[in-house]
Number of protein chains: 2
Amino acid sequence: MYRDLSERKKKILGAIINAHIQFGEPVGSKYLSQNEDMSCSPATIRNEMAELEALGYLEQPHTSAGRVPSELGYRFYVDSLVERYSMTTKEIEEIDRSLQRKLSEVDQILSEASKLASSFTNYTGIAVKPRLPRTVISRYESIYIDGRSFVLVMLFPDGQAKTKTMHLGFPISRVELSQLTDALNDKMTGITSDRITFTLLSELERAVPSISSIISPVAKAIYETMTDSDGGDVKIDGVDNLLDYPEYSDVSSVRHLLGMFDRKDEILSLISAKDDDKVNVYIGKENSVDIMNNSALVYRTIKRDGNVVGAIGVIGPCRMDYSKVISTIERLASGIDSMLNPKDDDLKGER
Amino acid sequence: MYRDLSERKKKILGAIINAHIQFGEPVGSKYLSQNEDMSCSPATIRNEMAELEALGYLEQPHTSAGRVPSELGYRFYVDSLVERYSMTTKEIEEIDRSLQRKLSEVDQILSEASKLASSFTNYTGIAVKPRLPRTVISRYESIYIDGRSFVLVMLFPDGQAKTKTMHLGFPISRVELSQLTDALNDKMTGITSDRITFTLLSELERAVPSISSIISPVAKAIYETMTDSDGGDVKIDGVDNLLDYPEYSDVSSVRHLLGMFDRKDEILSLISAKDDDKVNVYIGKENSVDIMNNSALVYRTIKRDGNVVGAIGVIGPCRMDYSKVISTIERLASGIDSMLNPKDDDLKGER
DNA sequence: TGTTAGCACTCTTTGGCTTTGAGTGCTAAC
DNA sequence: GTTAGCACTCAAAGCCAAAGAGTGCTAACA
């Protein structure tokens, strides 16, 4: 697709995008010939630029302005020109150090990752926990607290656990509690939330006749837990970073972006769609999220035991320092990956 | 303090604030005499306005503009003039219905409340979970999963429970696990996180010599859990609502506000400071959070069993529809309160 | 045939200028 | 104490000209 570009065109296109990323303003022929050692005159560059514009890689805000990369141009740049930003040892150390403060739960890791992504890149960081396929509970345990309350522990197949503290209006004995637990383990394991039916509840009530009135609130708690963990979540940090960039100096553009953050579902589905192991870049309207008018999204998914458990990324203007952002996300994501999938040492850390 | 204002001054001040809230622009004498049936001429009103300005209730952006309420003016308005907004049955129903979708955990209730506050008022909703006083764990339980992993359940004095799933690099037996649990219950209950010392860990290791290498990761998990739940949290929703108001049409003012949202700590400490049962209103610089330059904060705390577990509120421009906002927050908060503190029915719902 | 210099042309940006209009403060009359 | 009248102030809007940046085109050149 990009075969038809001569080396010189590529060089010019790359130089324009670099300059535009740096200064945020349209780039003119004179600037290029002077500062980017093009070894040809402005006039020649103008000719090339005119052709690049005809091919769709460049755009002109108005007649007497320089050229600005189009979304196609950025795409080309990201795909082929971008040289990997080589991080300084200091930067690498800083990222690694930040990750050291190893947080235990996936949720927390992601939420922290969003902050890190934001602070290292100066764009807006996002972290996504995808909507999981329907969860089933594989085992129940209960912990007796006192005559009127107990903790219900629900274990999921992936080893996660959730708890609910139940307060009852009437006393319950340890024996009854263990009957209840047995009944739950007998009837309520391995099923999805939509299979919790009235029939099932009646069966349960029959299994523990002495405390049948407890079934309904317990079932409700279970149902809530199952449906809860279905939900995806999107964390966003550093929105105010964006306001430093002229593309968002207009309130309406900010509103666009903020509006998108409220429609987190779209981000969720966008990111959940693709789950390869590399950093992905969506530029402007390329993606279904049409609100991302003048913005780009760089992200990478996070896996654990081969399953996607989340993603981290960065949102910023199309004119983004891609090489730096990509490297940062790359390193953050792989750092998190290795935290979540520790090598088989003598003793693994907890999750 | 406000005794010295004549009835007519109060009326004029109130009319100015109402008009300014409605239109967002400085209010002139002519407008008042025409539209608010003042029964006196513009000139008279001008005299009164000049005095109100001298007293500090009004301000003039520049010589030839109308008057704008000062922060003191708003404060006066909120304290004495505001007539409680009477909600329509429809609005009340809608709030109640939204609250019906009763979410179980405090965290979720608050996060949902923030969305509700935002959508009912069209300002920015915030929900706060305060930094709790240092947490201690009152009891440990463990659930055996398989030879190499188990779930550690930690119970807090208030009945909450947290879990950590531990994956080990070596096998552990049920007996050893219960030894571990006993040791934890013996040595690690009732202490704050800063008292988990090396000495304590050594004692623990001595208590379970056969699996002493497990102590360190377990202790780490416990420490993390304890320090986690210390942390407060602030949820914010509907930031983009604000952009509809001209006060925030300037990017720098938006940045101010967004910056504040990143410094959630300040909001946290502000709200945690006062814990009475009524709706509080902070206007502009009244509060320590000096960033709230041109903004006001309306909130009310949420209690459970007499303890503050959070707060919900709204942030918007000083020029805010206080009567509506106050009623909305009032109703939301009391609705949540009653969800969290159910009447003693036969069977209480879970928490 | 590709490159370059030169030049006319376009179009935004900037600054200064005036006009407009809203709203005030003051004074004098009621 | 209230009101009408009037001069005054000042931001906002509109207008115009000048400046400046950058282009496209043409013609000369290698």
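Undergrad: Go over the overall build of chain A, please, and point to the residues and values.
TA: Along its length, chain A carries 13 helices and ten strands. A globule of 351 residues ought to have a C-alpha radius of gyration of about 20 Å, yet chain A, at 27 Å, is considerably larger. Projecting the C-alpha coordinates of chain A onto the three principal axes gives extents of approximately 95 × 45 × 35 Å. Counting across all 351 residues of chain A, residues that qualify as buried make up 53%. Sequence separation of at least 24 residues holds for 63% of the intrachain contacts in chain A that already meet a minimum separation of 6. Per element, the accessible surface of chain A, about 16,000 Å² overall, is 47% carbon and sulfur. Charge separation in chain A, taken as the distance between the mean sites of 43 positive and 53 negative side-chain charges, equals 0 Å.

Undergrad: An account of the environment of N35 of chain A is requested, with residue identities and associated values reported.
TA: All names here are of chain A. Within the secondary structure, N35 is located in helix α2 (residues 29–35). Assessed through its relative accessible area of 46%, N35 is described here as partly exposed. Considering only alpha carbons, one finds N35 and N241, 206 residues apart in sequence, at a separation of 29 Å.

Undergrad: Could you give me a rundown of unusual backbone geometry, with the residues and numbers involved?
TA: Residues and elements named next belong to chain A. The phi dihedral of N122 falls on the positive side, at around 65 degrees, and the residue is not glycine. The residue N122 is located in the loop between α6 (106–121) and β3 (124–129) in this model. On the accessibility criterion, N122 (43% relative accessible area) is partly exposed.

Undergrad: Would you mind going over the protein's contact with DNA strand D in detail, with residue names and values included?
TA: Taken together, the neighbourhood of DNA strand D is formed by 20 residues, with S29 and M49 of chain A together with R8, T44 and T63 of chain B sitting nearest. Among the atoms of DNA strand D lying within 4 Å of the protein, the sugar-phosphate backbone contributes 76%. With respect to DNA strand D, the side chain of R8 of chain B contributes an N or O atom lying 2.9 Å from a phosphate oxygen. Measuring from a phosphate oxygen of DNA strand D, one finds a backbone N or O atom of S41 of chain B at 3.0 Å. At the level of secondary structure, the elements contributing two or more residues to the surface near DNA strand D comprise α3 (42–55) of chain A together with α3 (42–55) of chain B. Take the surface near DNA strand D: its biggest share by element is four residues, from α3 of chain B. Of the residues contributing to the surface near DNA strand D, the split by class is four nonpolar, twelve polar and four charged.

Undergrad: Can you explain the protein's contact with DNA strand C? Please cite residues and give values.
TA: Of all residues adjacent to DNA strand C, which total 20 residues, the nearest are R8, T44, T63 and S64 of chain A together with S29 of chain B. In the model, a base oxygen of DNA strand C is placed 2.9 Å from a nitrogen or oxygen of the S64 of chain A side chain. A distance of 2.7 Å is found between a phosphate oxygen of DNA strand C and a side-chain nitrogen or oxygen belonging to S29 of chain B. Among the secondary structure elements, those contributing two or more residues to the surface near DNA strand C are α3 of chain A together with α3 of chain B. Top element by residues in the surface near DNA strand C is α3 of chain A. It accounts for four residues. Each residue belonging to the surface near DNA strand C can be placed in one class, and the counts come to four nonpolar, twelve polar and four charged.

Undergrad: Summarise the side chain of S118 of chain A; cite the residues concerned and give the values.
TA: Residues and elements named next belong to chain A. Inspection of the secondary structure puts S118 in helix α6. Owing to a relative accessible area of 6%, S118 belongs among the buried residues under this scheme. In contact with S118, not counting residues within four places along its chain, are Y123, T124, G125, D237, G238 and N241.

Undergrad: Let's hear about the pairing of strand β3 (residues 124–129) of chain B: which residues, and what values?
TA: Residue and element names in this part refer to chain B. Burial analysis of β3 places five of its six residues in the buried class, the great majority of the element. Relative to strand β10 (residues 307–317), β3 runs antiparallel, the two being bridged by five bridges. In the sheet register, G125 faces β10, and the bridge partner there is V314. Relative to strand β7 (residues 233–237), β3 is paired through five bridges, and the arrangement is antiparallel.

Undergrad: Tell me about the domain arrangement of chain A, and please be specific about residues and values.
TA: Residues and elements named next belong to chain A. On domain assignment, one finds that chain A holds domain 1 (7–81), domain 2 (89–131 + 231–350) and domain 3 (139–230). On a C-alpha basis, the centres of domain 1 and domain 2 stand 29 Å from each other. Contacts between domain 1 and domain 2 engage ten residues on the former and twelve residues on the latter. Surface buried jointly by domain 1 and domain 2 totals about 910 Å² across both partners, of which 60% is contributed by carbon and sulfur atoms. Along the contact surface separating domain 1 from domain 2 lie zero salt bridges. Going through the elements one at a time, α1 (7–23) and α4 (71–81) are the ones with two or more residues in the side of domain 1 that touches domain 2. Here the side of domain 1 that touches domain 2 is built from residues that sort into five nonpolar, three polar and two charged.

Undergrad: So what about the packing of aromatic side chains? Which residues, and what values?
TA: Residue and element names in this part refer to chain A. Counted under the stated rule, the structure contains twelve aromatic pairs over all chains. A ring pair is formed by Y123 and Y245, whose centres lie 5.0 Å apart and whose planes are at 20 degrees; its orientation type is stacked. Note that Y123 is positioned in the loop between α6 and β3 and Y245 in the loop between α10 (239–242) and α11 (251–262), a separation of 122 residues in sequence. Among the residues examined, Y245 registers a relative accessible area of 16% and is labelled buried. Among the aromatic residues, those joined into a cluster by ring pairs are Y74, Y77 and Y322.

Undergrad: Which residues make up the nonpolar core, and what values do they have?
TA: With 151 residues, the main nonpolar core has V298, I312 and Y322 of chain A together with V298, I312 and Y322 of chain B as its most contacted residues. Residues within four places of I312 of chain A in sequence aside, it is in contact with L110, A113, I126, A127, V298, Y299, R300, I302, I329, L332, A333 and I336 of chain A.

Reading the values: the criteria
Residues numbered from 1 in each chain as written. Chains lettered and ligands numbered in written order. Predicted model: local features only at pLDDT ≥ 70, side-chain atom pairs only at ≥ 80, totals over all residues. Heavy atoms only, no water. Helix = DSSP H or I, 4+ residues; strand = E, 2+ residues; numbered from the N terminus. Rg over C-alpha atoms; globule rule 2.2 N^0.38 Å. Buried < 20%, exposed > 50% of the residue type's maximum accessible area, 1.4 Å probe, protein only. Contact = heavy atoms within 4.5 Å. Areas by Shrake-Rupley, 256 points an atom, 1.4 Å probe, with all protein chains shown as cover. Lys, Arg positive; Asp, Glu negative; His and termini not counted. Charge placed at Lys NZ, Arg CZ, Asp CG, Glu CD. Near = heavy atom within 4 Å. Polar contact = N/O pair within 3.5 Å; in protein donor to acceptor, adjacent residues only side chain to side chain. Nonpolar A, V, L, I, M, F, W, Y, C, P; charged D, E, K, R; others polar. Pairing = 2+ DSSP bridges. Domains from an automatic or database assignment. Buried area = accessible area lost by both parts, 1.4 Å probe. Salt bridge = Lys/Arg side-chain N within 4 Å of Asp/Glu carboxyl O. Phe/Tyr/Trp six-rings, centres within 6.5 Å; stacked < 30°, edge-to-face > 60°. Core = buried A, V, L, I, M, F, W, Y, C linked by side-chain atoms within 4.5 Å.

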